[in-house]
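An overview of the molecular structure
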Amino acid sequence: MSARTADRPQKWGNPFTYFVALLFIGVCVAPVLYIVVGGFRTNSQISTSPAGLPEPWVISNYLNVLKSVTFWGEFVNSLVVALASTVGTVVLGLMVSFVLARYDFKFKGAMYSLFAAGLMFPMVIAITPLYIVIKDLGLVDNLLGVIVPQIAFGLPTTVIILVPFLRAIPKEIEEAAAIDGTGRLGFFFRMVVPLSLPGVVTVGILGFIGSWNNYVLPLYVLNSQANFTLPLGVQVFSSQYSVDTARVLAFTSLAMLPAMAFFAAFQKRIVGGLTGAVKG
Amino acid sequence: MTRKTRRTAAAAIALGITLAATGCAGSDGGGSGGSSDGKVTLTLWENAQPGAGAEYWKAAGAAYEALHPNVKVNIQTVQNEDLDGKLQTALNSGSAPDIFLQRGGGKMQAMVQADQVQALDLTDADKANAGAAGIAGYSIDGKVYAMPVDTQPEGIYYSKDLFQQAGITTPPTTMPELQDAVAKLKAIGVAPIAVGAKDAWPAAHWYYNFAVRECSQDTLKKAAQSLKFDDPCWTKAGEDLASFIGTEPFQQGFLTTSSQQGAGSSAGMVANHKAGMELMGNWNPGVIASLTPDQKPLPDLGWFPFPSVPGGQGDPAAIMGGLDGFSLSKKAPKEALDFLRFLVTTEQQKEYAKAFVAIPVNKEAQAGVTEPYNVSALQAFNKAPYSVLFLDTEYGQNVGNAMNTAVVNLFAGKGSAADIAKDTNAAAAKG
Amino acid sequence: MSNTLGTEPADGHQSQGTPGAGSAASSARPAPAPAAATRRRRGRAKMRFEIAVLSGPAILVFLAFVIFPVALAAFYGFYRWHGYGPPTDWVGLNNYKLILTDPAFQQVLWHTGVILVLSLLVQGPLAVGLALLLNQRIRGRSVIRVLIFLPYVVSEVIVGTGWSLMLQSNGALNDLLRHVGLGFLQADWLADPDLAIWTLLGIISWKYIGFAVILMLAGLQSIPEELSEAAQIDGASYWQIQRRITLPLLGPTIRIWAFLSIIGSLQLFDLVYIIWGPYVAGTAGTSTMAIYMVGQGRNAGNYGYGSAIAVVMFLISLVVALLYQRFLLRRDLQGAITEGAS
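The structure displayed is predicted, hence computed values, not measured ones. Sequence order as written defines the numbering, with residues in each chain counted from 1. Chains carry letters from A onward and ligands carry numbers from 1 onward, assigned in written order. Local features in this predicted model are restricted to residues of pLDDT 70 or higher, and side-chain atom pairs are both shown and tallied only at a pLDDT of 80 or more, whereas totals for entire chains, interfaces and linings draw on every residue.

The subject of this paragraph is the interface of chain C and chain B. Where interface size is given, it is often the accessible area lost as the parts come together that is meant. Residue-level contacts link 33 residues of chain C with 37 residues of chain B. Those elements that place two or more of their residues in the side of chain C that touches chain B are helix H2 (33–76), helix H12 (281–284) and helix H13 (289–299) of chain C. Broken down by element, the side of chain C that touches chain B gets its largest block of residues, eight residues, from H2(C). Counted by class, the side of chain C that touches chain B contains 16 nonpolar, 13 polar and four charged residues. Contacts are defined on C-beta atoms placed from the backbone: any two residues whose C-beta positions lie within 7 Å are in contact. We count a stretch as a helix when DSSP gives it H or I for four or more residues in a row; a strand needs E for two or more, and each element gets its number in order from the N terminus. Residues are grouped as follows: Ala, Val, Leu, Ile, Met, Phe, Trp, Tyr, Cys and Pro are nonpolar; Asp, Glu, Lys and Arg are charged; all remaining types, including Gly, are polar.

If you want it as structure tokens, here you go:
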């Protein structure tokens, strides 16, 4: 009896697993696929048969978007914002996490609570006063007006993921470094940075994707089309050209591509990083 | 000593951030231009659709630049639904454009009270160009705060072809006739009336027009001061609307239909003969033209005034309408006023009327209006004993917003006629 | 939903913050007292300097762009203010009184509650089940992982645009239903007030379940395999092992996921704003607290009132988070939010 039950999952479990996995993947992917494939259809195809397949496939929608200056301008803006925000969040976050994880001082607890409480402040809550702060710094309609607040709002997540990572670095390594005459800062650069890489990558990917997809802040801060990021671009494009559904779909597909590629390239790291952070 | 170190470090960091921030702050939009080297940049926000309207603004800017080489006109198109919100934050933050679209009414009053717009110093020639009615619409206590460019009598736009197919011979003049037309259009399988309820205000305009019929001019005016909506006519107008909605005259899924964005929008439905009628202001022909398959004006478009409602306190010939005009923000340079003057010259007004298929304020340019729907609208406008500004504009952003939301609720069957007055009264407390 | 992991190692590195290099040396081997004292003093100064340099920038940016705006919102919340010029019309707690008595706000709370509870009930079991399935050795695991995470990676704007196209009454979903002979199921998915919130819930589940599954998978992978192997040898069945060993050990992950999901539900904005726009979400029955805030604040031009709503939202989030932490997350978070790191 025991042998039989133990074997059973392996015997029939596999096809069943595949079936469920495929079903689930289908549900996840189908809507995205609809957007991508829809970009290969013409408007009349879409309006006569909304759920059909391209017949024939047309690539002009995609070519038109790829040829448009607007798309590439917004693409570059998104890229600049995402990279700068990610680097900023990771660098500042790593520094402060190091302090929180490995220094002992009076206000440590308060400092950690401060950052952790930041989780309760989504950007949308503070958006109006935040806008006023950004304006006072003269950063309205400037990419920095998106980047710097994004760094600030990215810090709580970063701190919470990285502190456990940095704590887990064995004390012996630090002591060894100290005996070798390396100061704590040297220890930080030579040992901590490489050792916390899995966590850093996780934080970086989440930050990059979050920035790539951020909508509310650019909506408030950026005014002129030349400064728009892709989510704003998608929205403006889809209202300006919504006569041209196929082109909207093509634009939308191309806009999501980079975040997807970025994630696909680093997906192993994400699960690895989360495993470190979750610690069952 | 350590304290000092820490403070110095913090200061250095703060300085670094400030430097980085200001160093890269090459803002290229939104703000007004300085005129240090004699070159002036004027930033202007308008809400044109892509197409002829947007082209007009580019051309007008270029024409003005040609006349005044020291001025650069920077036109920024802001999507209509985003305009009010963006403008408010921009005004509040001192990053306002020099010239911006002014809707008038309570919205303009709020800006005037906050000292955010310039009073315009207009010559008699300017006043003649812009027309007395338009100037009056933008005046508070004898001062003019915006230059009108077009007048927007509201009424029902319809497709003559669809009316003919449905066997409707004359445009409806009373509510029973309108209901009859609705039934006939349903019979030929098109949506009788398109409404972009997703944007709230197009649905609310139905309520406004019933209110213009039900409430006396005096009641409407008083409400603008007191912001109290206790007169029974407000509820009566809601009941009229509720019973009209009961006949299901609007297209399917109107709650998620926007008004101007694309072929699926209410204007798009009229442009593509998917719907027979739409209640709108005078900007509609231009919007419809940008949404027809060939992006040309709809050839069979007609116009009739909002039908009369028996027993109402309002004059049956009274008309609802708005104005499009442009205000100057407080720090706009003097060249901005000159540009406004340029906009109401006969030549520019003719171009404007052609591009937007609109009714210009300039009387000489009005003579050039030939489109049948504009001719009907202009006639009705000239015949009307008085004209009422769109209520959400008239009563200001806060109250207007609440009224619009309450009307949308009524459309969706979620509220009663009495709720409109109740919700609107409640909103007055919030702002 | 925010993509964060509020975790603190549960195994109590209580005083892991190791003392500075100088004092470490002094405690290791007793040295002549005066020298040690100078060194300690110099060490402490150096340490303070390091702390300032390392944490200064983050704290500065965080205070300026997160804490200060929130404090500012609390300040504006006491004024009737239209956003032009500085606020002058002090109304005390009146804004808060209006919010709490506004039927529209009560409705919003109800929607938020429904979304919060049902998100947990729908996504939780599904995510655990799928993670258990996918944790088995099957081919193409990494491809599967990428694909199920796809909806999470795609931005809310794109998801919203895509779904609204598909769900229009003349859109792809109704067309599909008609083609497969399920025409009677066609509906106005977005505009029907009885249906819209379920549609929203469906989209939310679709969008965020990938994150839940990935999180659960990560949790499962940190459970030592020896445990279930030992149980198997003792004759436990597959389901017994999952129920008695895996699930309890997955507990912390599930509780953290639930926490993030709750915070996400309380702050839901983008998707609703994109699909329903700024005006009709309330009518369609899908408005959330943030939508109410933007509608009553920015759209109505009532910046004071809107700020007060922000404060209410923040307080609700905080109370829920503290309660949750107090009663469920105690062991996992170890006071990350209230008591700090030490």
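Right, let's talk about the environment of Ala104(C) for a bit. Residue and element names in this part refer to chain C. Topologically, Ala-104 is positioned in helix H4 (residues 103–134). Exposure criterion: with C-beta atoms placed from backbone coordinates, a residue whose C-beta has 20 or more other C-beta atoms within 10 Å is buried, one with 12 or fewer is exposed, and one in between is partly exposed. The class of Ala-104 is buried, set by 20 C-beta atoms lying within 10 Å. Placed 43 residues apart in sequence, Ala-104 and Leu-147 show a C-alpha to C-alpha distance of 39 Å. Once residues within four sequence positions are removed from consideration, Ala-104 is found in contact with Gly-282 and Tyr-292.

Our next topic: helix H20 (residues 417–428) of chain B. Within H20(B), burial applies to Ala417(B), Ile420(B), Ala421(B), Asp423(B), Thr424(B) and Ala427(B). An end-on view of H20(B) places all buried positions within 165° of arc, on one side of the element. Here the arc refers to the set of directions running from the helix axis out to each C-beta atom.

Residues and elements named next belong to chain A. On the UniProt side, "transmembrane region" (unreviewed entry) is annotated at positions that read residues 16–37, 75–100, 112–134, 146–166, 187–209 and 248–266 here. For residues 146–166, the helix share is 100%, the strand share is 0%, and the end-to-end C-alpha distance is 29 Å. Here residues 187–209 is 96% helix and 0% strand, with 31 Å between the C-alpha atoms at its ends. UniProt positions are given in the numbering used here, feature names are shortened, and annotations may be inferred rather than shown by experiment.

Residues and elements named next belong to chain B. Spatial ordering of the open sheet is given by E8-E9-E7-E10, a layout of four strands whose pairing is mixed. Both edges of this open sheet fall to strand E8 (191–193) and strand E10 (301–304), since each of them pairs with a single strand only. Neighbour to neighbour, the strand axes of the sheet diverge by 25° on average, direction disregarded. By definition, two strands form a pair when at least two bridges between them are found by DSSP. Bridge analysis of strand E7 (residues 155–159) against strand E9 (residues 275–280) gives four bridges, and the strand direction is antiparallel. Directly across from Ile-156, in E9, lies its bridge partner Leu-279. Lines are fitted to the C-alpha atoms to define the axes, a helix being fitted only along its stretch in contact, and any angle between axes, read from their N-to-C directions, falls within 0 to 180 degrees.

As a further point, take the confidence of the model for chain B. Atom-level detail of predicted coordinates should not be read off regions where pLDDT is low. Residues and elements named next belong to chain B. Confidence of the predictor at the level of single residues is given by pLDDT, which spans 0 to 100. Looking at chain B as a whole, the pLDDT averages 84, with 91% of positions reaching at least 70. Low pLDDT (under 50) marks residues 1–36, which in the prediction has 56 contacts with non-local residues, meaning those over four places away or in another chain. What the predictor reports for the complex is a pTM of 0.79 with an ipTM of 0.79.

Another point: helix H5 (residues 141–153) of chain C. All names here are of chain C. Expected helix span is given by 1.5 Å per residue-to-residue step, counting one fewer step than there are residues. With 13 residues, H5 should reach 18 Å at 1.5 Å per residue; the first-to-last C-alpha distance of 18 Å fits that figure. When you tally the buried positions in H5, you get 10 out of 13 residues, the bulk of the element. Restricting attention to buried positions, one finds in H5 the residues Ile-144, Arg-145, Val-146, Leu-147, Ile-148, Phe-149, Leu-150, Pro-151, Tyr-152 and Val-153.

Quick look at the interface of chain C and chain A now. Between chain C and chain A, the residue contacts involve 108 residues of the former and 104 residues of the latter. By residue class, the composition of the side of chain C that touches chain A is 65 nonpolar, 35 polar and eight charged.

Our focus in this paragraph is the nonpolar core. Nonpolar side chains in soluble globular proteins generally cluster together in the buried interior. Of all hydrophobic cores here, the largest spans 309 residues; its most connected members are Ala126(A), Tyr207(B), Ala211(B), Val407(B), Val213(C), Met216(C) and Val272(C). Once residues within four sequence positions are removed from consideration, Val407(B) is found in contact with Ala203(B), Ala204(B), Tyr207(B) and Ile420(B). The term nonpolar core refers to a set of buried Ala, Val, Leu, Ile, Met, Phe, Trp, Tyr and Cys residues connected through C-beta atoms within 7 Å.

So, about the pairing of strand E3 (residues 99–102) of chain B. Residues and elements named next belong to chain B. Bridge count for strand E1 (residues 40–46) against E3 is two bridges, and the pairing is parallel. Residue Trp-45 lies in a different strand from E3, and its bridge partner there is Phe-100. The pairing of E3 with strand E11 (residues 319–328) spans four bridges and is antiparallel. Bridge pairing links Leu-101 to Phe-326 in E11.

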